[in-house]
Every structure is written in structure tokens, then in C-alpha cells.
Amino acid sequence: MKKKSIKNIVIFIVVFLFTSYISLILVVSNRNYLFIEKIFKNINSYFNSIIINNMYDVKKISANVIDTKTKLLQEENNTLKELVDLKTNNKNIIVSEVTNHVSKNWFNSIYISNGTSSNINKNDAVINSDGVIGFVSKTTNSISEVDLITNVSSNNMISVLIDDEAFISGMISDYDEKEKLFVVTDVMYNDMSLTNKDVFLSGFIKSSHKGLYVGKVVKEEVSNYGLNKTLWVKSNVNFDDLLYVLVIGE
Amino acid sequence: MVITCIFLLISVFLEGIFLNIFKDITPFFVLAVILISSLDKENNKKYYILLLITGIIYDLLYTNALFIHAYIFVLIGYLLNKKEIKSNNVFKLVGNYFFCLIIYTLLMILFTFTYTKYTLNIIFNILFNGIIINLFYLLIIYIIYKLIGNRFKKKSY
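This one's a predicted model, so the numbers in the text were calculated from it and none came from an experiment.

Novice: I tried to follow the overall build of chain A on my own but got confused; where do I start?
Specialist: Looking only at helices and strands, one finds four helices and twelve strands in chain A. The buried share of chain A, reckoned over its 250 residues, is 47%. Here chain A has roughly 13400 Å² of accessible surface; of this, 58% comes from carbon and sulfur atoms.

Quick look at the structure:
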């Protein structure tokens, strides 16, 4: 009897380690979806999309309005840029709906209802009217997976600029879940107070990210023996209530 | 077994739909079905295969990691099949349900802590934000199983 229970425990541990290893590789690696995954995720996205569209009819209309308005503003912006001899902006902006929240708790990611057929690519930024939400990590023909910006860590820091005039750079290296604040480190120290300054993506990784609003500095502290500053940035995005998002393509 | 299969599938899809409607609440409907179906005395290899397939479908639909839920559902099914845990009493069922939730949460944290950050606040929210709805679902499943059980008497679920 005792032998049997020891055997069960050993099996439990071995299978646990094996499953952890496989799942870790599947989640962390830069892979594409398997064929069967695509089928299931597309089915799920399709049904959720129908439900959302029926449930939030008004919001669907508002999403269409946003879409049209975005295009109009973009065209207007381009016309104005042409007038002052600036390069036109051909960013591909897609309004998409969030179709899966299940993996938000455990994987810090969401799924949206557009994919490569809408010109969405890996690393495209995803925003809403309040700021940056995350980046596209995987994409299929009709759905994409978005890693939320709240999952930032010292292993995958995000480069930002503080204050659109002074262009002070820093790195978002952590997210304080309790206070709901982003921690920006490696900010070159200067005497100027940065509280209440706006924080934007720098666009060092992808030029289309440049200038996307992240949040406002609410707290600052001198760190590294006076060499650097650490900032705490408040984002207005409600990560618990994401329904429609904008994907910023090239 | 067929009824369990149908309920598991419904619960898997319901969890996805539910989270799109109430985004702050984490439903644990599949665990409720596993708990109630574990009361059946005739659970065998087929039951574990069913849990394994349910877990794989769950991962294919909602997550990025293919075998996490398959493992967790089979393990919880196995633990609930222990004679010492099995009970028809409603209060003990609720207790067992909390036991399932804790096991599930602990295992999910163990599986995902390398790439997901957790705080006590998050864990507390996951476990208790939807506790009333989860218990309500458990109760509904329990009543339905009881009704079906009475109608077909000795037939297996």
C-alpha cells in the first residue's frame, strides 16, 4: 500500500515536471500556433465575437464610429503634414474586439478578433483611448494574441520617453499590481521634476510604436546614488475591462 | 458518462462566454462538473480520458500551453475519487469545491509563475470574486445530476 502511494507521488512529480517543461516552452518560445490550435482558437473567437456583438450592440456602433473617425483624423493629419512638407503617416490602424479574457488571469494575455488578414503582425502595438495595452505576440489569419504591458519585467523591459519636449529616456521594468503603477528605471538624473509629465513609447524597437501614450508620472525618486531616477507611471487603461482595442500596424 | 461529457463541454464553453460578459469574475465551472461527476461510483479509465480530453480542449481554446489543464483536471479528478474525500453531503461538497479551487490555483501558479506575476491580491480576486456564481453553478449541476440520477436510478452518469 505504502509502495503504491510512493509510486503515485513519483508519477505525479514526473508528469508535473514534464508538463511544466512542455508548457513553458510552448508559452515562452517564439512559435506559431499549431494547426489544431488555430482551428480551436478561431472557432472560439468566432462564437465570442457573435456574443459580444449581440450583447454590446451600442458599443459595436461606437467602435465603427471610432474606426471611421480614426481614418478621417489620419487623412486630415496626412494632409496637414503634406502642407508643411512632412512625411505622410501610413500607419495601419485596426479596430478589433477582445474575444478571449480567460487567459488574462494566468498568462496576462488577451485574444483579439483580427489577424494577418487585417495586416496585423507580431510586435504591433495595441492601444485604446486611454493608452498602450500591450503588443501582439502571436497571430493567425483571423485572431491575434496580445501580451499585456502589465506583464513587463526586468527580462522584457520597454523603452519609453518622458516628456515630449525634453526627450528623457527610461525603461519600464516592472508593474506594481497593488498600486497599479508602472516602474520606469534608468532615467538619467537631472534637476528637473518629472512629476505629472507624460510618458510615451520610444519606438526604438518598432518605429510605429513611437509616441504612443503610456501614462503620467505620479511619483519620482532618486536612485543609484544620485545617478538615476526611478519613476512611477499611472496608466489610465483599465486592464480589467478591455472590450475594443486599436492595433497600430506599420 | 455521456451526461458528464456534455456538461464538461458546456462548462468549458460557458467559462469563455462568461468571462466576456463579467470580466472581473473568474468562473470555475469545469471544476464544479468534475467534483459532482466524481461522486459516481463507476469512475474508471474512461473518466480520466474524458478529463484529459477536456483539459486539452480547454487549453486549445483559451491558453497557449497545451497540457496544463489536462494535467490539472486529471489530478483533481483522481484526488476527488479518493474514498476519504467523496461525499454526497452538500456542505462537504462545498468544502471539496474549495479544496479543488485551491489545488487548481496552486498548480496554475506553479505552472505559470516563471512568466506571470502574482500578488496575494490577484490570487484573492481570482478565488473569491466569483465565489457566489461558482457556488450557484455547483448547486445547479448538483441538482441536475441528482434529478438525472433519480430518474435513471442505477444507471451511471
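What follows picks up the thread again.
Novice: Could you clarify how one ought to interpret the layout of surface pockets in this entry?
Specialist: Space left empty within the atom packing is revealed by a probe, the size of a water molecule, rolled over the atoms. Residues and elements named next belong to chain A. By volume, the largest pocket is sized at about 1000 Å³. The wall of the largest pocket is formed by 37 residues, among which N123, S137, D147, N151 and N156 lie closest to the centre. Of all the secondary structure elements, the ones that give two or more residues to the lining of the largest pocket are α1 (2–28), β4 (131–139), β5 (144–148) and β6 (158–162). Here the lining of the largest pocket is built from residues that sort into 15 nonpolar, 16 polar and six charged.

Novice: Please explain the packing of aromatic side chains as it appears in this structure.
Specialist: Working definition: an aromatic ring pair is given by the centre-to-centre distance plus the angle between the planes. Per the stated rule, a full pass over the model turns up 17 aromatic pairs over all chains. Residues F12(A) and Y71(B) carry aromatic rings whose centres are separated by 6.0 Å and whose planes lie at 25° to one another, so their mutual orientation is stacked. Of this pair, F12(A) sits in helix α1 while Y71(B) sits in helix α4 (residues 68–80), placing the two residues on different chains. Judged by relative accessible area, which is 32%, F12(A) ranks as partly exposed.

Novice: Where do I start with the state of the cysteines in this structure?
Specialist: Working definition: the covalent bond between the sulfur atoms of two cysteines is a disulfide. Residues and elements named next belong to chain B. In the structure shown here, the tally under the stated rule is zero disulfides over all chains. Of all cysteine sulfurs, the one in C100 lies closest to C5, which takes part in no disulfide; the gap is 19 Å. Residue classification places C5 among the partly exposed residues on the basis of a relative accessible area of 28%. Exposure remark for C100: the relative accessible area of 1% places this residue in the buried category.

Novice: Please clarify how the nonpolar core should be interpreted in this entry.
Specialist: Side chains of a nonpolar character, in soluble globular proteins, are inclined to be buried together. The biggest cluster of nonpolar side chains holds 59 residues, and the ones touching the most others in it are L31(B), I34(B), I72(B), I76(B) and Y104(B). Looking at which element gives the most residues to this core, the answer is helix α5 (residues 90–112) of chain B, with ten residues. With 44 residues, the next largest nonpolar core counts V146(A), I149(A), I158(A) and I172(A) among its residues.

Novice: Quick question: what am I supposed to make of empty space enclosed by the protein here?
Specialist: Under the defined criterion, the tally for this structure stands at three cavities of 30 Å³ or more. Here the largest cavity defines a volume of roughly 70 Å³. What lines the largest cavity is simply V102(A), N105(A), W106(A), E15(B), L19(B), T26(B), P27(B), F28(B), Y58(B) and Y104(B). Taken together, the residues of the lining of the largest cavity sort by class into seven nonpolar, two polar and one charged. Of the voids in this model, the second largest cavity is the one considered here, and its volume is about 40 Å³.

Novice: What is the right way to read the packing of helix α2 (residues 29–37) of chain B against α5(B) from this model?
Specialist: The description of two helices packed together rests on the angle between their axes and the distance between the axes. Residues and elements named next belong to chain B. Remark: α2 packs on α5, axes separated minimally by 10 Å, with the N-to-C direction vectors making an angle of 130°. When the interaxial angle is binned, α2 and α5 end up oblique. For α2 against α5, the interelement crossing comes out right-handed. Where α2 approaches α5, its residues L31, A32, L35 and I36 are matched on the opposing element by L93, N96, Y97, C100, L101 and Y104.

Novice: Quick question: what am I supposed to make of the sheet that holds β5(A) here?
Specialist: Strands belonging to one sheet form pairs held by backbone hydrogen bonds; the direction of such a pair is parallel or antiparallel. Residue and element names in this part refer to chain A. The six strands are arranged β1-β2-β5-β4-β3-β12 in a closed barrel whose pairing can be described as antiparallel. Averaged over all pairs of adjacent strands, the angle between their axes in this sheet comes to 45°, without regard to strand direction. Direction of pairing for strand β3 (residues 125–128) relative to strand β12 (residues 244–248): antiparallel, over a ladder of three bridges. Residue pairing for β12: V126 is matched across the bridge by V247.

Novice: What exactly am I supposed to notice about α5(B) here?
Specialist: It helps to recall that an α-helix has 3.6 residues per turn; residues three or four apart then point in one direction. Compared with the 33 Å implied by 1.5 Å per residue over 23 residues, the 33 Å span of α5(B) between its first and last C-alpha is a close match. Taking the backbone nitrogen of F91(B) as reference, a side-chain oxygen 2.8 Å away marks N89(B) as the first, capping residue of α5(B).

Conventions used here
- Residues numbered from 1 in each chain as written.
- Chains lettered and ligands numbered in written order.
- Predicted model: local features only at pLDDT ≥ 70, side-chain atom pairs only at ≥ 80, totals over all residues.
- Heavy atoms only, no water.
- Helix = DSSP H or I, 4+ residues; strand = E, 2+ residues; numbered from the N terminus.
- Buried < 20%, exposed > 50% of the residue type's maximum accessible area, 1.4 Å probe, protein only.
- Areas by Shrake-Rupley, 256 points an atom, 1.4 Å probe, with all protein chains shown as cover.
- 1 Å grid on protein atoms, 1.4 Å probe; cavity = no way out; pocket = protein on both sides within 12 Å on 5 of 7 lines; lining within 4 Å.
- Points joined across faces, edges and corners; volume = space filled by probe spheres on them.
- Nonpolar A, V, L, I, M, F, W, Y, C, P; charged D, E, K, R; others polar.
- Phe/Tyr/Trp six-rings, centres within 6.5 Å; stacked < 30°, edge-to-face > 60°.
- Disulfide = S-S within 2.5 Å.
- Core = buried A, V, L, I, M, F, W, Y, C linked by side-chain atoms within 4.5 Å.
- Axes fitted to C-alpha atoms, helices over the stretch in contact; angles between N-to-C directions.
- Parallel < 35°, antiparallel > 145°, perpendicular 65-115°, else oblique.
- Left-handed = near helix turned anticlockwise from the far one by under 90°.
- Contact = heavy atoms within 4.5 Å.
- Pairing = 2+ DSSP bridges.
- Expected span 1.5 Å × (residues − 1).
- Polar contact = N/O pair within 3.5 Å; in protein donor to acceptor, adjacent residues only side chain to side chain.

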